[in-house]
Amino acid sequence: MLLIAIFFGVAACVHPVSAAKYSEYIIAPNYRSVTPLFLTAVRGPVENPDALLTDVHNSHGVIFGPNSSITLDFGINIGGTVDFGVGAVSGAEEHVGFTFTESSMWISPYQCDSASQALYDSPLWFKVPSKGQYTAEKKRQRGGFRYMSIWHNGTGSVTVRDLHVNFTASPEMADLRDYPGYFNSDSEKLNRVWYAGAYTNQLCSIDPAYGNALGVPGTDWYYNVTIAHGTSVLIDGAKRDRLVWPGDIAISGPSIFVSTNSLDGTRNGIDSLLALQAPDGRLPWAGSPFTSPDRFVFSFTYHLYTLLDLYYYYLYTGDLAYLQSYWTQYKSALAWSLATIDSSRLANVTSSNDWLRSGMGGHNVEAGELLLCDANSILYHTLDMSLRLAEAVGDSSGIESWRAAMEGIKTAINERLWDPAQNLFFDNDVNKTETSLHPQDGNSWAVIAGVVDTERAESISAALAARWVRPYGAPAPEAGATISPFASGFEVQAHYLSGSPERAVELIEFMWADFMLDDPRMTNSSFIEGYSTNGDLRYAPYDDYDTRVSHAHGWATGPTSALTFFAAGLQLTSAVGKTWLVQPRLGGLGRVTAGFETSLGEFSASWNSDQTNSVVGEFKTPAGTSGILILPGGNPNLAVSGRQGRVRPSSTVDGDLVFTNVPGGSYEVRRS
């Protein structure tokens, strides 16, 4: 039985309520001292069982008799350390145990869901010999839970009062509700999804000193390994793994930028990965302690995601000195990837590691000895973004070879991996039969990277949508009978970029809102790691360890950035938005409003779809910047006006009005 040290006194960190826009949707608590909202179960002899609730707070406390327990519901997924008072104790050797679970499926006073290698974790036990205040050590914090059970297993009685949880997530934020970014639309489902994504990433930002030690037993669980430097680091999941994974950051980083813009954790995560680079240029699959001097595990795609993470961080912060400090390492990593391109003009991937999908290896469209679709599309995109970084640092030495590689990849993917019968890419160049794998990730990335033309992009979007499994989501057949919010986040982007925003809206509404938020087994506040195509909360890579599934996983937050970048149409095309693209894609919505900030100032837009399905509204970009405005529909009666008067379209492309060299400022778009 684990005995927790006794501490006297409670220090709650109190901050004023934020005045952020649309703050009614923000899920993060007002204060770091969090109390439960609901009582969901009472077992055995218990007096005043609701005394610990926020709206009750009976000073007499809950009186637990022999072998008795209660279950409390905080209403949202939270994370932190337990703090409580004991008002009275009768009996000898009395203990109080606390259990935690994110999902209502695993509520039990006798065991927790799993944050370890075990099927279940044991209660967090406190020996309570006398009155006083008791606080768990920080290494005994629980990273994610909505439900807490308190179990007194002795023969005497214990009175528990003044219970709260010290909320430990996002330690870098003085005010957890201070969101410079915002989103709102006429779809309440989308509004809730955007803010749940933002909150999920707050839960996944932690003190680097309390990462996963790996191999932790369920009977004595703890977080006690330093996984990065600094105050905060962005990890994969709040409960587990509590490690830095670069693929996860590729989704969670952009979603943090458009919401809290709290990017210290992203930077510290990138630092931790680049510190582990191998001498030959390869970057690790995950951070420390998963990777160590004695154990280097490689993933072709996650190697590239680290490079993309650095690109995104520079794009959002404009920290040129930071980029320059890693430029030599960046080029070394990219050179390693380019060296894998063979006579096929595609990268030949020999690493099988990815996001726990199967089939990696060779020439795949995402990434053995195969030509893979996913990996090659991500490599193409990484090369494209590398051209922008090279310009920023003033290094033209690799540009010619990078462009040549891009041209070869684009041609070869379309020639070697396209399946006209399915209107999708094969996963690789070896298995190309009617029943062969056509991956979700690889086909989505082919659209995102721009290796396909508009006609093929629309075909991919339609084919992916035809595979949806209602009411659960978009399947990832590359991982078996699995729905992956990670891969589906890329699919959402692909629908927007293919010119099918209505599909993106539909997928977000039924998968993320109706199922991932509103299913009673979910936390109704944060997003799950993955689940089965039949709706079971079972993630195939974990076999029968359903209790291990994380219900606060940053890689599931793709819609938060997608709705800002694509629905509202606010995109940065160079560091901190010195140049930008404004291109709204409402996808059947009647109204969209969004905004975020960079060091240059505010970027915001508010759009409405009028009776003619034209998009009208207003947008704002900082003075001294310039960009491109693209308005859908090509309505010649739309008038764009700013401080300098009316702005005329430069051209019409694919039925859209295109305005180039638009100076930063405030503009209105109206029917003339």
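None of the values given here were measured: they were computed from a predicted structure. (Residues numbered from 1 in each chain as written. Predicted model: local features only at pLDDT ≥ 70, side-chain atom pairs only at ≥ 80, totals over all residues. Heavy atoms only, no water.)

Enquirer: So what about the overall build of the protein? Which residues, and what values?
Expert: Secondary structure summary: the protein contains 12 helices and 30 strands in total. Taking 26 Å as the expected radius of gyration for a compact globule of 672 residues, we find that the protein reaches 26 Å, a close match to that expectation. Dimensions along the principal axes, computed over C-alpha positions, put the protein at roughly 80 × 60 × 45 Å. When the 672 residues of the protein are sorted by exposure, 63% land in the buried category. Taking the average place of the 44 positive charges on the side chains of the protein and the average place of its 68 negative ones, the gap between the two points comes to 3 Å. (Helix = DSSP H or I, 4+ residues; strand = E, 2+ residues; numbered from the N terminus. Rg over C-alpha atoms; globule rule 2.2 N^0.38 Å. Buried < 20%, exposed > 50% of the residue type's maximum accessible area, 1.4 Å probe, protein only. Lys, Arg positive; Asp, Glu negative; His and termini not counted. Charge placed at Lys NZ, Arg CZ, Asp CG, Glu CD.)

Enquirer: Quick one: what's the story with the packing of aromatic side chains, residue by residue and with numbers?
Expert: Counted by the stated rule, this structure contains 46 aromatic pairs. Pairing F84 with Y134 gives two aromatic rings, centres 5.5 Å apart and planes at 15 degrees, and the pair type is stacked. Of this pair, F84 sits in strand β5 (residues 68–90) while Y134 sits in strand β8 (residues 132–135), placing them 50 residues apart in sequence. For the pair shown, F84 and Y134 are each scored as buried. Above the face of the W221 ring, R142 is positioned so that its terminal group lies 4.6 Å from the ring centre. (Phe/Tyr/Trp six-rings, centres within 6.5 Å; stacked < 30°, edge-to-face > 60°. Lys NZ or Arg CZ within 6 Å of the ring centre and 35° of its normal.)

Enquirer: Outline the packing of helix α8 (residues 440–449) against helix α10 (residues 485–497), listing residues and values.
Expert: Packing of α8 against α10 brings their axes to within 8 Å, and their N-to-C directions diverge by 35 degrees. As α8 packs across α10, the resulting crossing turns out to be left-handed. Two secondary-structure elements touch here, α8 through Q440, D441, S444, W445, V447 and I448 and α10 through A487, S488, F490, E491, Q493, A494 and L497. Of the residues assigned to the contact of α8 with α10, the class counts are seven nonpolar, four polar and two charged. (Axes fitted to C-alpha atoms, helices over the stretch in contact; angles between N-to-C directions. Left-handed = near helix turned anticlockwise from the far one by under 90°. Contact = heavy atoms within 4.5 Å. Nonpolar A, V, L, I, M, F, W, Y, C, P; charged D, E, K, R; others polar.)

Enquirer: Describe the side chain of S149, listing the residues and the values that go with them.
Expert: Inspection of the secondary structure puts S149 in strand β9 (residues 142–152). Of the polar contacts made by the side chain of S149, one reaches the side chain of T71; its length is 2.7 Å. Those residues in contact with S149 that lie beyond four places of it in its chain are I70, T71, G97, F98, T99, I107, S108 and P109. (Polar contact = N/O pair within 3.5 Å; in protein donor to acceptor, adjacent residues only side chain to side chain.)

Enquirer: Could you give an account of helix α12 (residues 558–567), with specific residues and numbers?
Expert: For α12, a buried count of 10 out of 10 residues is recorded, marking the element as mostly surrounded by other parts of the structure. Residues of α12 that are buried: G558, P559, T560, S561, A562, L563, T564, F565, F566 and A567.

Enquirer: Tell me about α10, and name the residues and values.
Expert: What sets the pattern is the α-helix's 3.6 residues per turn: residues three or four places apart point alike. Relative to the 18 Å expected for 13 residues at 1.5 Å per residue, α10 spans 18 Å between its end C-alpha atoms, a close match to the ideal helical length. Among the 13 residues in α10, 12 count as buried, and that is most of the element. (Expected span 1.5 Å × (residues − 1).)

Enquirer: I'd love a proper account of unusual backbone geometry, names of residues and values included.
Expert: That bond from R240 to D241 is cis: its omega, 15 degrees, falls within 30 degrees of zero. Looking at where D241 falls in the secondary structure, it is placed in the loop between β13 (233–234) and α2 (246–258). In this structure, P471 follows R470 across a cis peptide bond, with omega equal to 10 degrees. Structurally, P471 is set in the loop between α9 (454–466) and β18 (482–483).

Enquirer: Account for the pairing of strand β24 (residues 615–620), naming residues and giving values.
Expert: In the sheet, strand β23 (residues 601–609) pairs with β24 via six bridges, with the strands oriented antiparallel. Opposite S604, over in β24, you have K620 as the bridge partner. Taken together, the four bridges between β24 and strand β30 (residues 666–671) define a ladder with antiparallel strand orientation. Bridging across to β30, E618 finds its partner in E668. (Pairing = 2+ DSSP bridges.)

Enquirer: Explain the sheet that holds strand β20 (residues 570–572) to me, and be specific about the residues and the numbers.
Expert: Here we have five strands laid out as an open sheet, ordered β20-β21-β25-β29-β28, and mixed in their pairing. The strands lining the two open edges of the sheet, one partner per strand, are β20 and β28 (651–653). Between one strand axis and the next, the sheet turns through 25 degrees on average, direction left out of account.

These results come straight from atomic positions and should not be treated as a statement about function.
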